[in-house]
Amino acid sequence: MSSATQPRNLVHRRIGGLVWLPAALATAFYALPVVRSLDRPLLVALVLVPGLLSLGVLTRRHTAPRLVSAVAVGCLLVSPAALGGVIGIIASRARRLRDRRHLVEIVGWTLAAVVAKVIQLVLPYPGGEWTSASSVDLTMTVSAIGFALFTGLLSRARTDSVDAAQRAEQSRAAEIRLEERARIAREMHDVVAHRISLVAMVSGALVHRDDLPDDAQEAATIIRTNSRLALDELRAVLRDLRDDGGSPTGTTAAPQPDLAQLPVLLAEVREVTDVNYTCEIDTAALPPTASRQLYRILQEGLTNARKHAPAQPVSVRITRSGGDVVLEVRNPFTGEVGESGGYGLVGIQERARLLGGHARVDVIDSRFVLTATIPAKVGS
């Protein structure tokens, strides 16, 4: 079961008790006094059988709600103990409200139950006359039915609220993942455009050299032409992903930072936070893609640490585990949630996943631990 569905299922389980518990109590309220009248078996049968029947059909309230409503209201015509089944089905149907037409139907069954109770009170059974006890009984019945309707509608509103919150959370997480993919695409555009531009520049210089054989100059011309075409196509495809609408024609973007620029990043962070940095691998030997993505993940991890644990020491460790590079960022866990709501971590997880790795967060010994693992051969 996913974590996104757990709150909704918890609400359903709690609300389920609102159907069975009051229904059973209402049935028992009217049935128990009659059980003592064993010398009057007809009375016992008239009260108990319809009451238990209306309670029993509640097991079918989800698959045949109209049938259960009809049976419960019909039983209420005969037995006051059927009130349990009536309030159970009304609360259940109100809890599963779909639209206005469905609401009108529920209100109709509610009024039908009240009418059935009035008819039951004026039937020759048990007294035939309207007394003060009858008024009290009717008042209790109307109150119980009204409370069941109100509780069901309130539960429906609560469930809708939980669903809306989950949809908003899922939508925001999906948006963050898309933004992270777009950011990676922009970075790849910058890097690839830079490399292709260098190829086009060098091949262009070779074209104008007179000391090269004709076949070499022809090959250089082909390389230059296709490099420029590839660069134009790359810009055409990815320019919408850039914040500024794309690089101007004829210009190239600077390459993205990687672990070679890590000392600069750590120096900036150390101006406000103490950082203990440990690296057990040769970062210069990493492929460019792996180096760039580790830099971005570490950058976001340090930002997250400063946001949620300001002025607290941070430890950074880069190690190798088999064929993977493991980046670990630790900082004291404050238990506070910032405005980002953890969406920076969603971006880290998406970036790591797209590289064939994974990222997770844990709280270990009162410290918040971010661990990102990516293949060391990414981009090689």
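Residues numbered from 1 in each chain as written. Predicted model: local features only at pLDDT ≥ 70, side-chain atom pairs only at ≥ 80, totals over all residues. Heavy atoms only, no water.

Undergrad: What is the right way to read the overall build of the protein from this model?
TA: Broken down by element type, the protein carries 10 helices and five strands. In the protein, the proportion of contacts linking residues at least 24 apart, taken out of those at least 6 apart, comes to 70%. Roughly 20800 Å² of accessible area belongs to the protein as shown, and the carbon and sulfur atoms make up 60% of that amount. (Helix = DSSP H or I, 4+ residues; strand = E, 2+ residues; numbered from the N terminus. Contact = heavy atoms within 4.5 Å. Areas by Shrake-Rupley, 256 points an atom, 1.4 Å probe, with all protein chains shown as cover.)

Undergrad: Whenever I open this one, the pattern of salt bridges confuses me. Can you help?
TA: Opposite charge on two side chains permits them to pair, given that their charged atoms come into close proximity. Under the counting rule described, the total for this entry stands at six salt bridges. With its nearest N and O atoms 2.8 Å apart, the salt bridge here joins E328 to R330. Since its relative accessible area comes to 23%, R330 is described here as partly exposed. The partner of R360 in a salt bridge is D362, and the shortest N-O contact between them spans 2.9 Å. Each of R66, R93 and E105 takes part in salt bridges that share partners, so that together they form one network. (Salt bridge = Lys/Arg side-chain N within 4 Å of Asp/Glu carboxyl O. Buried < 20%, exposed > 50% of the residue type's maximum accessible area, 1.4 Å probe, protein only.)

Undergrad: Sorry if this is basic, but what is going on with the packing of helix α3 (residues 65-76) against helix α4 (residues 83-95) here?
TA: Each packed pair of helices is defined by two parameters, the angle between the axes and the distance between the axes. Running from N to C, α3 and α4 point in directions that differ by 150°, and their axes come no closer than 8 Å. Classified by the angle between their axes, α3 and α4 sit roughly antiparallel to one another. Here α3 runs over α4; the crossing is left-handed. For the pair formed by α3 and α4, the contact residues are P65, R66, V68, S69, A72, V73 and L76 on the first element and L83, G85, V86, I89 and R93 on the second. Looking at side-chain class alone, the contact of α3 with α4 contains eight nonpolar, two polar and two charged residues. (Axes fitted to C-alpha atoms, helices over the stretch in contact; angles between N-to-C directions. Parallel < 35°, antiparallel > 145°, perpendicular 65-115°, else oblique. Left-handed = near helix turned anticlockwise from the far one by under 90°. Nonpolar A, V, L, I, M, F, W, Y, C, P; charged D, E, K, R; others polar.)

Undergrad: Which parts of the structure should I look at to understand helix α8 (residues 262-270)?
TA: Turn by turn, an α-helix covers 3.6 residues, leaving residues three or four places apart pointing in a common direction. Among the residues of α8, those classed as buried are L262, L265, L266 and V269. For α8, the buried positions fall inside an angular range of 95° around the axis, keeping them on one side. With respect to the buried face of α8, the exposed residues turned more than 90 degrees away are P263 and V264. The inward-facing, buried residues of α8 abut β1 (275-279) and α9 (288-308). (Arc of directions from axis to C-beta.)

Undergrad: Help me understand the pairing of strand β2 (residues 314-321), please; the structure alone is not making it clear to me.
TA: Put simply, side chains in a regular strand alternate between the two faces of the sheet. Relative to β2, β1 runs parallel, the two being bridged by five bridges. What sits directly across from Y277, in β2, is V316. Between β1 and its parallel partner β2, the chain crosses via α9, and the hand of that crossover is left-handed. Remark: two residues form the turn of the hairpin made by β2 and strand β3 (residues 324-332), two consecutive strands paired antiparallel; G322 in that turn has positive phi of roughly 65°. (Pairing = 2+ DSSP bridges. Right-handed = clockwise from strand over helix to strand, strands pointing away.)

Undergrad: Even after reading the chapter, I still don't get the sheet that holds β3, so can you show me in this structure?
TA: Within a sheet, adjacent strands bond to each other through the backbone by hydrogen bonds, running parallel or antiparallel. In space, the five strands of this open sheet follow the order β1-β2-β3-β5-β4, with mixed pairing throughout. The open sheet has two edge strands, β1 and β4 (358-364), and neither has a second partner. Taken pair by pair, the neighbouring strands of this sheet meet at an average axis angle of 15°, ignoring direction. One ladder, built from seven bridges, connects β2 with β3; its direction is antiparallel. Of the residues in β3, the one forming a bridge with V316 is V329.

Undergrad: I keep staring at the packing of aromatic side chains and nothing clicks. Help me out?
TA: The tally for this structure, following the rule as stated, stands at one aromatic pair. Both rings, one in F333 and one in F368, keep their centres 6.5 Å apart while their planes meet at 15°; by these two values the pair is stacked. In this pair, F333 sits in the loop between β3 and α10 (343-354) while F368 sits in strand β5 (residues 367-375), placing the two residues 35 residues apart along the sequence. Residue F333 is classed as partly exposed on the basis of its relative accessible area, which comes to 42%. (Phe/Tyr/Trp six-rings, centres within 6.5 Å; stacked < 30°, edge-to-face > 60°.)

Undergrad: Would you take a moment to explain a nonpolar patch on the surface for this structure?
TA: A contiguous nonpolar patch, built from L77, V78, V115, V118, I119 and V122 and spanning about 410 Å² of accessible area, is present on the exposed surface. Residue placement: V115 occurs in helix α5 (residues 100-122). (Patch = residues over 30% accessible without salt bridge, like charges linked within 9 Å, V, L, I, M, F, W, Y side chains within 5 Å.)

Undergrad: I keep staring at the side chain of N304 and nothing clicks. Help me out?
TA: On the secondary structure map, N304 appears in helix α9. The exposure class of N304 is buried, given its relative accessible area of 10%. Those residues in contact with N304 that sit more than four places away from it in its chain are L345 and F368.

Undergrad: Explain unusual backbone geometry here, please?
TA: In the Ramachandran plot, D365 falls in the positive-phi region, its phi being about 50° despite a non-glycine side chain. Along the chain, the position of D365 falls in the loop between β4 and β5. The class for D365 is exposed, based on a relative accessible area of 70%. Phi at S366 takes a positive value of approximately 65°, unusual for a residue other than glycine.

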